[in-house]
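Coordinates in review
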Amino acid sequence: TTETLICSDSNLSLMILETASKKRKRHIGVGDDENGCDRFTICQKLWETVQMNTEVIQDQLNKKVLDSLAEFIKKPGLACSSDVWRQRGSEIPTAALMLGVNVPDHAMTFRSLCNLLQDSVTPFVVSVHAKECAAVKLLIQKVLEQLMGRGVSVDEEQEDDTALLQKTQCTISALCQWYKTKCTQVSPKRKENLAKNDLPVVVIFKDFEAFNSQVLQDFILICSRYTQELPFVFIFGIATSPSAIQHRLPHSVSSLLCIEVFHSLSCTQHLASVFDKLILNSQFPFKLSSRVIQVLVGIFLYHDFSVQNFVKGLQFSMLEHFNSQPLSVLCCQKHEALLSAKILSKQNVERIRHLPSFMRYVETQEPQEQVRLLTNDEHVKVTSFYSTIVHIRELHVSCIEKNLWETEEYDSALQLLRILAKDELVAALRSCAEILKSANTKRMQNVLQQLEDFLGRLEALQGVSSEDSSGNGVVSAKMEYQRTDLFQLQKTLLEKESRRTKRMNPFEVLRSQVIDFIDSLVREYLTPAEFQPLNEVCYYSSSGVLRQRLNVTPRTSIQAALTHPFYYLKNESLKTNTGTISSAAPDLCIVYKLHLECGRLINLYDWLEAYVTVMSAAEDQDTNSEECGKFDSLKHARFIQAVSEMEFLGFVKSTKQKTDHVARLTWGGC
């Protein structure tokens, strides 16, 4: 949540976070009804399914580039793609891995890469972050600690009790001695897949652009002096473009590297795979409404291009849905479980009757059916519920926003069907029939039977040429070899079209019937999800809540907490009228409200006096007495701490214009 952004030096921030956490626990409501435990279990299983499938999808998409990297590292003597140009002795094989700007997704890619290299190439794999390596000494220390200080074992059967390195021993020469010792312990099966006997030492720079240029230059220069003793291989994780290497490293340093560029798949292809294999998968019961999908895709496109954050939004939607919708327990149940007394209890049946979608469904039924749906619980269970739930699961994302048959794309598709030849139409209908064979409902089986009847009638047609069946024959044998103008061609085509409308051959009549049949299926089955009965069970549609949680504005949340602490701390004494300041509020809230009354520059002494005046009211001092307005060292210290917290949160900063003033940085309240 946004409150975590202000959890640093502020006591109020800690209290806000703790109170908000307790508030969330009180409102989880998992155990408030009889389905609470079942909803929690289902949500937990779906959460794990999403996480596991996402990792599997990313591993599949990255398999090609990761395998290429592994082959590159196995043959460091051929670091460049050309077999003619081999690297020189002082050059370090370097892979520039282009991962894109979706930085949150890089962690999973690097984790898969490290596991692959350690399992199939070399046990000596190190990954470093820029924030951990502000100096070259820290970078070398980090590399040596990961290799030597964590009990690195070359073979699974061996154990290494090496203690953590002392900082004075963190040198590349010490690493050389350790490496020679380790290589003598390597089993032959570790080396059989390598082009040379030496196991490479792979150093992965996860965020290459974030590293200090001087640190990188010094580290590369040092490592280049040990290339005969240590077979270093570098992997640069780059988010922008290969030119980042030229910008970060001068030619004298980059010439020491033999660089080959590897490209991973784009984040848009990754997101498309997640949609196809997870969200649009009929085996995944949880669905998103069109507005929720628009919010998630909008955050993806306009913020970070992160598929991992998109999946987190999906998981949050799932958590919110199962928490707020008691009937969500039904979306993952099979037919037999739905008919059980526990799942479809009398309470749940009543909840179904109160759903807006179910009430709209009842209004469309005959009067006798309406009475049965509203009074007979068993009729609700057996007749309408199961088939409706299954029908909702099969809706496609392109149909959940509006009526599909009102779109221009649908009209274009129908026009294309109207000009298909016999063979093309038969092939299209066969594809539809193959898809419908996997359906297990009676309604879909009836549709399949009608489709097969049309196929039989089309195949039984005799004497229909491809030219006649397509309806797009040549304009005229007479005009085929003549030069005609546009007007004459248009006139001829219109005459031909008028003749076709007057008399249709048997194929055209049957083709028209097939198109009308398909159109009726689309209008009957592909209606938007919000018009389907019980769509609330499977579909999460609270896009406003999702946008508020994921697309947050930290400044607004912080200002709201400081302006109205009562809503976070739930303390009755903090309730105040508009424009007043409660003396019982935390120091940070008092100082924040006082600074709103100031201009661009704030006099610290005047600010302190105003703070002491408010605090004196809390001590029941007479505002007209001499003691009021005086402050002791404790109040002074509390004020200084509050101002420091204001500066940390970004509301004020020191200024050189006046030494006893601070500059205000924000304008406009909550």
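Residues numbered from 1 in each chain as written. Predicted model: local features only at pLDDT ≥ 70, side-chain atom pairs only at ≥ 80, totals over all residues. Heavy atoms only, no water.

The chain has the name Origin recognition complex subunit 3 in an unreviewed UniProt entry, where Cyprinus carpio is given as its organism. The annotation that UniProt attaches to the chain under Subcellular location (unreviewed entry) is "Nucleus". Check the Sequence similarities (unreviewed entry) section of the UniProt entry for the chain; it says "Belongs to the ORC3 family." (UniProt positions renumbered as here; feature names shortened; annotations may be inferred.)

1. Let's talk about the sheet that holds strand 2 (residues 125-128)
Taken together, five strands build an open sheet; the order of strands is 2-3-4-1-5 and the sheet is parallel. Two strands bound the open sheet, and with one partner strand each, they are strand 2 and strand 5 (257-263). The sheet shows a mean angle of 20° between the axes of neighbouring strands, direction not considered. Bridge analysis of strand 3 (residues 201-205) against strand 4 (residues 232-238) gives five bridges, and the strand direction is parallel. Bridge pairing in strand 4 links Val 203 to Phe 234. (Pairing = 2+ DSSP bridges. Helix = DSSP H or I, 4+ residues; strand = E, 2+ residues; numbered from the N terminus. Axes fitted to C-alpha atoms, helices over the stretch in contact; angles between N-to-C directions.)

2. Considerations on the pattern of salt bridges
Oppositely charged side chains can pair when the atoms bearing their charge come close. If you walk through the whole model with that rule in mind, you get 11 salt bridges. A salt bridge links Lys 142 to Glu 132; its shortest N-O distance comes to 3.8 Å. Note that Lys 142 is positioned in helix 4 (residues 136-148) and Glu 132 in the loop between strand 2 and helix 4, a separation of 10 residues in sequence. A residue is classified by how much of its surface remains accessible, and Glu 132, at 32% relative accessible area, is partly exposed. (Salt bridge = Lys/Arg side-chain N within 4 Å of Asp/Glu carboxyl O. Buried < 20%, exposed > 50% of the residue type's maximum accessible area, 1.4 Å probe, protein only.)

3. What about the packing of helix 10 (residues 267-279) against helix 11 (residues 290-304)?
It is the contact of helix 10 with helix 11, at a shortest axis distance of 12 Å, that shows an interaxial angle of 160°. With respect to helix 11, the element helix 10 is oriented roughly antiparallel. Remark: the crossing between helix 10 and helix 11 carries right-handed chirality. Two secondary-structure elements touch here, helix 10 through Cys 267, Thr 268, Leu 271 and Phe 275 and helix 11 through Ile 293, Val 297 and Phe 300. Taken together, the residues that form the contact of helix 10 with helix 11 break down as six nonpolar, one polar and no charged. (Parallel < 35°, antiparallel > 145°, perpendicular 65-115°, else oblique. Left-handed = near helix turned anticlockwise from the far one by under 90°. Contact = heavy atoms within 4.5 Å. Nonpolar A, V, L, I, M, F, W, Y, C, P; charged D, E, K, R; others polar.)

4. So, the sheet that holds strand 9 (residues 652-654)
Pairing is antiparallel across the open sheet formed by three strands, whose spatial order is 8-10-9. Taken across any chain shown, the strands that pair with only one partner, and hence form the sheet edges, are strand 8 (601-603) and strand 9. Direction aside, neighbouring strands of the sheet carry axes that sit 40° apart on average. With three bridges connecting them, strand 9 and strand 10 (residues 661-664) associate as antiparallel partners. Each residue of the ladder has a partner; that of Val 652, found in strand 10, is Arg 664.

5. Focus on the pairing of strand 3
Counting buried residues in strand 3 gives five out of five residues, a clear majority hidden from the surface. The two faces of strand 3 match: Val 201, Val 203 and Phe 205 on one face and Val 202 and Ile 204 on the other face are all buried. Pairing analysis gives four bridges linking strand 2 to strand 3, with the strands arranged parallel. Along strand 3, the bridge assignment pairs Val 125 with Val 202. A crossover links strand 3 with its parallel partner strand 4, the connecting element being helix 7 (residues 213-224), and its sense is right-handed. (Right-handed = clockwise from strand over helix to strand, strands pointing away.)

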